[in-house]
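The residues making up each chain are set out below.
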Amino acid sequence: MRIVVVGDVMLDVDLFGEATRLSPDAPVPVVDVSGVRRRAGGAGLVARMLAQDGWPVTLVTVIGDDDAGSQLRRQLAGVRLVAGSSGHPSPVKTRVRAGSHPVVRFDQGCEKTPVPEVSPAMLRAVEQAGVVIVADYGRGLAANPHLRDLLARLARQVPVIWDPHPSGPEPVPGVAVVTPNISEATKAVQSAGNLPSADPAAIAGILLERWRSQAVMVTRGEEGAVLLQQGGASATSVPAPRVEAGDPCGAGDRLAASLAVHLLAGRDLPDAAALAVHDAADFLAAGGVSALPDAGSADAAEGRKPGPALRPRTTTEPLLLARAIRESGGKVVATGGCFDLIHAGHIRSLAAARELGDCLIVCLNSDDSVRRLKGPERPIIGQHDRAELLLAMECVDAVMVFDEDTPEAALDRLRPDIWVKGGDYKGARLPEADLVESWGGRCLTVPFHPARSTTGLADALAKVS
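Read on for a plain summary of the structure. The shown structure was predicted, so the numbers you read here are calculated from the model rather than taken from an experiment. (Residues numbered from 1 in each chain as written. Predicted model: local features only at pLDDT ≥ 70, side-chain atom pairs only at ≥ 80, totals over all residues. Heavy atoms only, no water.)

### Things to note about the sheet that holds strand β16 (residues 398-402)
Read from one edge to the other, the open sheet built from 5 strands follows the order β16-β15-β14-β17-β18, with strand pairing classed as parallel. Unpaired on one side and paired on the other, β16 and β18 (442-446) mark the two borders of the sheet. Geometrically, the sheet is characterised by an average inter-axis angle of 30° between neighbouring strands, direction not taken into account. Both strand β14 (residues 332-337) and strand β15 (residues 359-365) contribute to a ladder of 6 bridges, which runs parallel. Along β15, the bridge assignment pairs V332 with C359. (Pairing = 2+ DSSP bridges. Helix = DSSP H or I, 4+ residues; strand = E, 2+ residues; numbered from the N terminus. Axes fitted to C-alpha atoms, helices over the stretch in contact; angles between N-to-C directions.)

### Comments concerning the nonpolar core
Of all hydrophobic cores here, the largest spans 68 residues; its most connected members are I3, V5, L50, I133, M217, L259 and I361. A domain split of this core shows at least three residues from each of domain 1 (3-11 + 39-87 + 115-291) and domain 2 (318-462). Among the nonpolar cores identified, the runner-up in size contains 36 residues, and A142, V175, V216 and L228 belong to it. (Core = buried A, V, L, I, M, F, W, Y, C linked by side-chain atoms within 4.5 Å. Buried < 20%, exposed > 50% of the residue type's maximum accessible area, 1.4 Å probe, protein only. Domains from an automatic or database assignment.)

### Points about empty space enclosed by the protein
A full pass over the atoms with the stated rule returns 2 cavities of 30 Å³ or more. The calculated volume of the largest cavity comes to roughly 140 Å³. Residue composition of the lining of the largest cavity, by class: 8 nonpolar, 5 polar and 2 charged. (1 Å grid on protein atoms, 1.4 Å probe; cavity = no way out; pocket = protein on both sides within 12 Å on 5 of 7 lines; lining within 4 Å. Points joined across faces, edges and corners; volume = space filled by probe spheres on them. Nonpolar A, V, L, I, M, F, W, Y, C, P; charged D, E, K, R; others polar.)

### Things to note about the environment of A257
Note that A257 resides in helix α7 (residues 251-264). A257 sits in the buried class, given a relative accessible area of 0%. Taking the C-alpha atoms as reference, A257 lies 6.1 Å from V46; in sequence the two are 211 residues apart. When sequence neighbours within four positions are dropped, the list of residues in contact with A257 reads V46, L50 and I133. (Contact = heavy atoms within 4.5 Å.)

### Regarding the pattern of salt bridges
A full pass over the atoms with the stated rule returns 13 salt bridges. Note that R95 is salt-bridged to D12, the shortest N-O span being 3.5 Å. Here D12 lies in strand β2 (residues 9-22) and R95 lies in strand β6 (residues 92-98), a separation of 83 residues in the sequence. The residues R95 and D12 share a single accessibility class, namely buried. A salt bridge links R378 to D340; its shortest N-O distance comes to 2.8 Å. In this pair, R378 is assigned in the loop between α12 (367-374) and α13 (383-391) and D340 in the loop between β14 and α11 (344-354), connecting sequence segments 38 residues apart. Of the residues examined, D340 reaches a relative accessible area of 2% and is grouped as buried. Among the ionic contacts, a cluster of salt bridges with common partners joins D14, R39 and R97. (Salt bridge = Lys/Arg side-chain N within 4 Å of Asp/Glu carboxyl O.)

### Considerations on the packing of helix α5 (residues 182-191) against helix α6 (residues 200-211)
The contact between α5 and α6 brings their axes to 10 Å, and the two run at 60°. Taken together, the axes of α5 and α6 lie oblique to each other. Seen from above, α5 lies across α6 with left-handed handedness. The residues of α6 that touch α5, namely those facing I182, A185, T186, A188, V189 and S191, are P200, I203, I206, L207, R210 and W211. Class assignment for the residues of the contact of α5 with α6 results in 9 nonpolar, 2 polar and 1 charged. (Parallel < 35°, antiparallel > 145°, perpendicular 65-115°, else oblique. Left-handed = near helix turned anticlockwise from the far one by under 90°.)

### Comments concerning the side chain of D367
Mapped onto the secondary structure, D367 falls in helix α12. According to the relative accessible area criterion, D367 is buried, its value standing at 17%. Within the local environment of D367, its side chain forms a polar contact with the backbone nitrogen of Q383, the two atoms lying 2.8 Å apart. Ignoring anything within four residues of it in the chain, the contact list for D367 reads P379, I381, G382, Q383 and R386. (Polar contact = N/O pair within 3.5 Å; in protein donor to acceptor, adjacent residues only side chain to side chain.)

Below, the structure is given as structure tokens:
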């Protein structure tokens, strides 16, 4: 299932260096430029993020026939690009940074242009989408009537995420979610003659009625987001983790990309929104756009590697990984447990399970589930850290956290080809066997390593603490 990004692209240029003195001509800093970085911006940034994470993505856009356009095409290496000609100079946004501080930005070719034409190839590419992201940057592509008609039809079949722009058109009716930031949402309300409101939930309600979308998600930076769905009694607050981040550039693009991944995996919108907010915060904490690999680097080229079982490198989304492996003809292997204090027995069993197929997904008991099973003193390590430790292992491809006492509900969603348990079950029929066999799966055991257990390790640690 392909993710299609539709929208305007631009060339982003960063000039960076140190500023240690003022100019003798005017009281302005002199930046000694030590490096230049170029990257695709706008819809191009969304597509690059998805491609670098290994997702099959198509970018549908228009690009100018100029030097900046040629540089944009180079920066989009690894992305399936279906582009028409804009007939105008490609927009370029250049930022000058002194250390980590922005000094000035100057724009070229960013004035408003007529609505561009779309080709039949562009429309065919959009029709192939399993999920669509409309990344509107006010350059006119999202206003094309043929494209809008197609998007309105697709919105009844697949999730459409619309990231609006103050200079762009309104979203087509019926899209899954519109994701303005609080500034964009406020301007949209005011432009329609509504009285300004400081309440994000009230703003979302006005826009939900006006745009006729299925949901509106107003993002609020470090305060998270507010999500309001059609038919919902009230808006839902989506908190964001606190992170130290200097430049918020790209956070909205990361959020839209993550929403697409989680909706494509079958999650409902509130779950997808919560995960996307966390993904955007993690993106900023890791350095934001400045930490993205160059288009020519080995990391960026990852998305161009051939092979049917392309594995997303940074996702923890197990459902979408399982779907990709199955569609490529591979076998999905799953196992489960608490994995509280990971020991050598765990590592050997997980490595043996991974050898049975093309990916290994661990169904991990949540903290609440562990407490019910093991008692109030457990788990020793929280679920987020346990998941992170598991994902650090080369043999583990994804982790699915579940809240129930048994993994059966998680298994029913995941539907692995092989369900693996430790050899301590040898000779006994696994509790999940009937369920796994109902969709043609198999249950297997891997060798059990005695004298290695979390309880024994916890007892030993208690004696020396």
